[in-house]
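As a plain string of letters, each chain reads:
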Amino acid sequence: MSDEPQQQGSAGRRGWAPREPQDTPAGAPADTPGQTAAAGAGQGGEGAGAGTGAGAAKAKKPKRPKRPKRKGWRRIFPTWRMVLGGFILLVLLVVGGFMAGYMLVDIPAANSAATKQSNVYLYSDGTQIARDGEVNREKVPLKQIPLVVQHAALAAEDRDFYGESAVDPKAMLRAAWNTVTGKGKQSGSTITQQYVKNYYLGQEQTVTRKVKEFFISIKLDREVSKDDILEGYLNTSYFGRNAYGIQAAAQAYYGENVQDLSAAQGAYLATLLNSPNAYDVATHPENKPRAAGRWNYVLDGMVKEGWLSKADRAKTKFPVPDEAKGAAGLSGQRGYVVKAVEDYLTSNKIIEEDTLAKGGYRITTTLQKDRQDAFKKAVDEQVMSKVDKDGRKADRNVRAGGASIDPESGKVVAMYGGIDYTKQYVNNATRRDYQVGSTFKPFVFTSAVENGSVTQDGRPITPNTVYDGTNKRPVQGWSGGTYAPENEDNVDYGDISVRTATDKSVNSVYAQMAVDVGSDKVRDTAIDLGVPENTPDLTASPSIALGPSTASVLDMTEAYATLANHGKHGTYSLVEKITKDGDEVELPEQKTQQAVTREAADTTTAILQSVVEGGTGTAAQGAGRPAAGKTGTAENDTAAWFAGYTPELATVVAVMGQNPDTGAHTPLYGALGEPRINGGAYPARVWAQFTKAALEGKPVTDFDLELEQGADEPLPPPATATGGDGDPETGGGTDGGPDTGGNQDTGGTTNGGPDTGGQNGGQTGGPDTGGQTGGQTGGQDGGTADGGPTDGGTDTGGPTDGGAQGGPTDGGTATGGPTDGGTDDGGALGGLTDG
C-alpha cells in the first residue's frame, strides 16, 4: 500500500483517511506517538458512536443552557447590568459635562445692566406718560458697612455664606421642588450666585443663564475672597425705591449714610432683599405685619448665629422708614401710574421685580389720556380747590384716590393716585389700609340672591323683603356670640324694606342679612366679584356686611365693574402691550367668567339705582346718566367712599384722612369746611363730574336688567304711613313712614333732600318736615304723643325741625339733619354719613 494518505471515498466523509495499521517491529515500544494517535483515532471513531470516549469528552464540552427569556411584568424592569451601566454612563456624562462647562464658561465683564436703562410708559394711544429716572447707585467698600449690617444681610439671605461652597445643589433642588409643587417660587441661590446674577449676567429665568451662573460662581469663589463677593453683593442688590446698593438704600429709606445705620435699620434693609415691593411699608402700609414678620426673622437669625446679643435684640423696635420721595420726572399723576404698573407686572408674575428694575421696557398701558385728565380735573375742582391748609388744620390730612374700569373689557381707563407723586408717595388708588364701609353692603345682597337665601322666618330675600331696622338689634341665628350693631346716629327705623334699608344704609338690617345668607357665603361672593381673597379683615362674621375690610379703591372698582357687567368677572388689566428690544413680552390672557348669576347682579343694580335716585347718593345724578351706586364711610370717619357705575363705566372715589407727618389715619371732621365728610357729598360729586366728562359724546343708555323673581313686586304701604297733604308717600300724622314728605318731596330750600317734606309739610306735622315754612310750625303740629327727637314732636319743634336754623334731624336751609337730610348731607352740615 502506498505511503501517501488515502482520500476518503464512498463513506461520504470529507478529509484524509488514516494509514493502514502496520505490525510493530520487534523490540520497538508498544506505544509510539504515531500508534497512539492512530489508536486514539480508532477509538474515537468507536467512541463517537457510543458517546462514551474519553477523548470526545475532553474535546467537546456540553453547552450551557440558555437563560430563559424574561416574561410578563418582569420585562418592564431593567436588569441590574442595565442599571449599573446606565449609572456609570450618567456619571461619565455629568463629570464630562461639568469639566466641559468649567473650561468653556469664563468670568465675563460686568453686564450692561449694571448701568440701568429706562422704562418708558405710554397711554393707550401711544402718548408718553413717563420715563423712569437714572439709576441710583453709590458703591462703598465693605469696611464702611457696619458689621451688624453685614450680618443682617447674611441672616436674611445666606447664613452659611463664609463656610459654604459657591453653590448649594441641595438648596437648588429644594427650591426647584417647592416651585414645581406650588409652595412658592424660590431661587435656592447662595449670595455668590445672586451676586453673579446681578453683576455679570441678567435676570432672565432661563436654563442657559442658570448654567452660566453655576459655573461662574464656582470659578469666582476660587479666584476672589468671600469679603469681595459680599461687598459686590451689597453694592449691586436692588432694595426698591430705585436704590441699588446698601448706601443708596440707606439714603432712600432713612436719609442716613450706611455707616450710621443701626441693627434694626440694617435688618429692615436686609428684609427688602427678599422682595422690596412686598416689604416697603411706606409705599404699602397694609404690608407692615408681613414686613415686621420678616424683620423679626432676620433679627432672630442674627441672635441664633451669635451676631447679636439677646439683650440688644430685646431693645430693638421696628424702624419705620421715611416716606419715599418720588423722582422729579415722575411728578403729578405720572409716578402713581408707573408704580401701579410696576405692581401689576410683578404681582401677576409677568416680569420679575429685579428684571423690571433693570429697565429697557416699552410699556403701553390701558389708561386713556382724556379720561385721566378728566379724573384729575374732577378731584381738583370738587375737593382740592376747597383745601385750606393754613386756615384749617384738618385740611392737611385730606387725600383722594379714584379708579375707573370699562366693565366689558376690564381695562383700567383712568386712575387718580394723589395730588402729586413727589409730595404724597403712596398711591391712594391701590393702597389697602382704609375700611370700605357700606360700599360692601351690595355684596351681601348679591350673595343673598345668588344663593337663594331666605330670612330667619323663611321669606325669600328680595328688594321688597321687610326687615327689622331697630337700632342695636341683636342678630338672630348667629352662634358666634351677641352682635348688635348700631345704626348711624342710633336711629330706629323699625320695619323697613331691603330697598329702603340700602337707600339709608341701615346697619342692623344688613348685619342680619349677612347671617341669613351665611357670612362665609358673603365672603365668597365678594371674592368672586373681584375683592382679593387676602384682603385684610375680610372675615366671615356678621360684621362683614358693614365693611371693616380694607380693599383698595381699584379692588372695589373691579368688583363693581362685575356688577355692571351683569355678573361677568374678568381680572382688571392695566397693561395693553410690552416690548423690549423690539420683542413683545407675553401677557396673560384675560379670562372672563360668570362670577354670579345675571339675576343676582342685575337685582343688585336695581336697588343701587334707588340709592342714586332717592337715597344717600343723589349727588351722583349730576352725571346726567342712569346710574347705580353706594356710599360708604370708614370707622371714625377716616374715609368716605362713593362706588358707582353706568352701563359703560364703573368708578370708585374715596376721600381719606392721613397725617402727613406720622402716616396715621385721621378723622375728616372739620375738613374742607364741613363738620364731617360723607360718601354722598365730595366723593359722589367727583364721581358725577368725572363720569359726565368721561362719557361726553357717548349715547345715553339705560340698564338692561333681568331681575330675580319677586324683585319688582310692590309691597302695600304700612298702615301707619298715612296723612300729610300729598300722595301715599307723604307720611305725616302721628308716626309717619320712612319715605315721608309733602306733595313735592323737595325738602328745604338748600339741601333738604327727597325725604324732607314739601313746601308746607311742616304745617301738617309730618315726621320728615322742613321746607320753606314747615320748620316754623313743626313743633306745634308735629304732635306730642308720637313725635320723638328723631322725627318731629316736642323735642324737635320750631326752629329745630327745618326753617331758618334747620334741624339736626330733618334737613333745612342752614344745617340740615344727620338722619333724613337730603342726599346724605342735607344742608350745610349734611347727614351723619350713611352707616
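If you're wondering where the values come from, they're calculated on a predicted model, not measured in any experiment. (Residues numbered from 1 in each chain as written. Predicted model: local features only at pLDDT ≥ 70, side-chain atom pairs only at ≥ 80, totals over all residues. Heavy atoms only, no water.)

A.B. asks: What is the right way to read the overall build of the protein from this model?
C.D. replies: Secondary structure summary: the protein contains 24 helices and 18 strands in total. Once local pairs closer than 6 in sequence are excluded, the contacts in the protein between residues at least 24 apart make up 65%. Accessible surface, the protein: about 38800 Å² in total, of which carbon and sulfur atoms supply 50%. (Helix = DSSP H or I, 4+ residues; strand = E, 2+ residues; numbered from the N terminus. Contact = heavy atoms within 4.5 Å. Areas by Shrake-Rupley, 256 points an atom, 1.4 Å probe, with all protein chains shown as cover.)

A.B. asks: What's the story with the sheet that holds strand β8 (residues 398-405) in this structure? I'm lost.
C.D. replies: Where strands meet in a sheet, backbone hydrogen bonds hold them as pairs that are either parallel or antiparallel. As summarised here, the arrangement of the five strands in space is β9-β8-β18-β17-β16, forming an open sheet in which the pairing is antiparallel. Of all the strands in the sheet, just β9 (412-416) and β16 (628-633) have a single pairing partner and so form its edges. Recorded for the sheet is a direction-independent mean angle of 5° between the axes of neighbouring strands. Across four bridges, β8 lies against β9 in antiparallel orientation. In the sheet register, Ser 404 faces β9, and the bridge partner there is Ala 414. This element, helix α21 (residues 553-564), spans β8, β9, β16, β17 (639-645) and β18 (650-657) of the sheet and lies at about 35° to β8. (Pairing = 2+ DSSP bridges. Axes fitted to C-alpha atoms, helices over the stretch in contact; angles between N-to-C directions.)

A.B. asks: I would appreciate a short explanation of the packing of helix α16 (residues 369-382) against helix α23 (residues 682-694) in the present structure.
C.D. replies: Two measures define how a pair of helices packs: the angle their axes make with one another and the distance between the axes. Closest axis-to-axis distance for the α16/α23 pair is 9 Å, and the angle between their directions is 145°. Our pair here, α16 against α23, has a crossing hand that is right-handed. Residues Arg 371, Ala 374, Phe 375, Lys 377, Ala 378, Val 379, Glu 381 and Gln 382 of α16 pack against Tyr 682, Arg 685, Val 686, Gln 689, Phe 690, Ala 693 and Ala 694 of α23. Here the contact of α16 with α23 is composed, by residue class, of nine nonpolar, two polar and four charged. (Left-handed = near helix turned anticlockwise from the far one by under 90°. Nonpolar A, V, L, I, M, F, W, Y, C, P; charged D, E, K, R; others polar.)

A.B. asks: Could you clarify how one ought to interpret the pattern of salt bridges in this entry?
C.D. replies: Think of it this way: side chains of opposite charge can pair up when their charged atoms draw near. Per the stated rule, a full pass over the model turns up 21 salt bridges. Of the charged contacts in the structure, one is a salt bridge between Arg 431 and Asp 433, with a shortest N-O distance of 2.8 Å. The same class applies to Arg 431 and to Asp 433, which are both buried. Asp 555 is the partner of Arg 432 in a salt bridge, and the nearest nitrogen-oxygen pair spans 2.5 Å. One end of the pair, Arg 432, is in the loop between β9 and α17 (441-450); the other, Asp 555, is in helix α21, with 123 residues separating them in the sequence. What makes Arg 432 partly exposed here is its relative accessible area of 27%. Judged by relative accessible area, which is 2%, Asp 555 ranks as buried. One network of salt bridges, with partners in common, ties together Arg 598, Asp 602, Asp 704 and Glu 706. (Salt bridge = Lys/Arg side-chain N within 4 Å of Asp/Glu carboxyl O. Buried < 20%, exposed > 50% of the residue type's maximum accessible area, 1.4 Å probe, protein only.)

A.B. asks: Just to check I follow, could you spell out the pairing of β18 for this structure?
C.D. replies: Side-chain positions along a regular strand alternate between the two faces of the sheet. Among the eight residues in β18, eight count as buried, and that is most of the element. Neither face of β18 is left uncovered, since the one carrying Ala 650, Val 652, Ala 654 and Met 656 and the one carrying Thr 651, Val 653, Val 655 and Gly 657 both have all their residues buried. Judged from the eight bridges that link them, β8 and β18 form a sheet pairing that is antiparallel. Paired with Ala 400 across the strands is Val 655, a residue of β18. The pairing of β17 with β18 spans seven bridges and is antiparallel. Across the sheet, residue Trp 641 finds its bridge partner in β18, namely Ala 654.

A.B. asks: Would you take a moment to explain the confidence of the model for the protein for this structure?
C.D. replies: Detailed reading of predicted coordinates is not advised where the pLDDT is low. Per-residue pLDDT for the protein averages 77, and the proportion of residues at 70 or more is 68%. With pLDDT under 50 throughout, residues 716-835 is counted as low confidence; its partners more than four residues away or in other chains account for 293 contacts. (pLDDT = per-residue confidence, 0-100.)

A.B. asks: Can you help me understand empty space enclosed by the protein in this one?
C.D. replies: It is a probe the size of a water molecule, rolled over the atoms, that shows where empty space is left. Taken as a whole and assessed by the stated rule, the structure comprises three cavities of 30 Å³ or more. Lining the second largest cavity are 18 residues, with Pro 407, Ser 409, Gly 410, His 569 and Gly 570 sitting closest to its centre. Broken down by secondary-structure element, the contributors of at least two residues to the lining of the second largest cavity are α21 and β12 (568-570). (1 Å grid on protein atoms, 1.4 Å probe; cavity = no way out; pocket = protein on both sides within 12 Å on 5 of 7 lines; lining within 4 Å. Points joined across faces, edges and corners; volume = space filled by probe spheres on them.)

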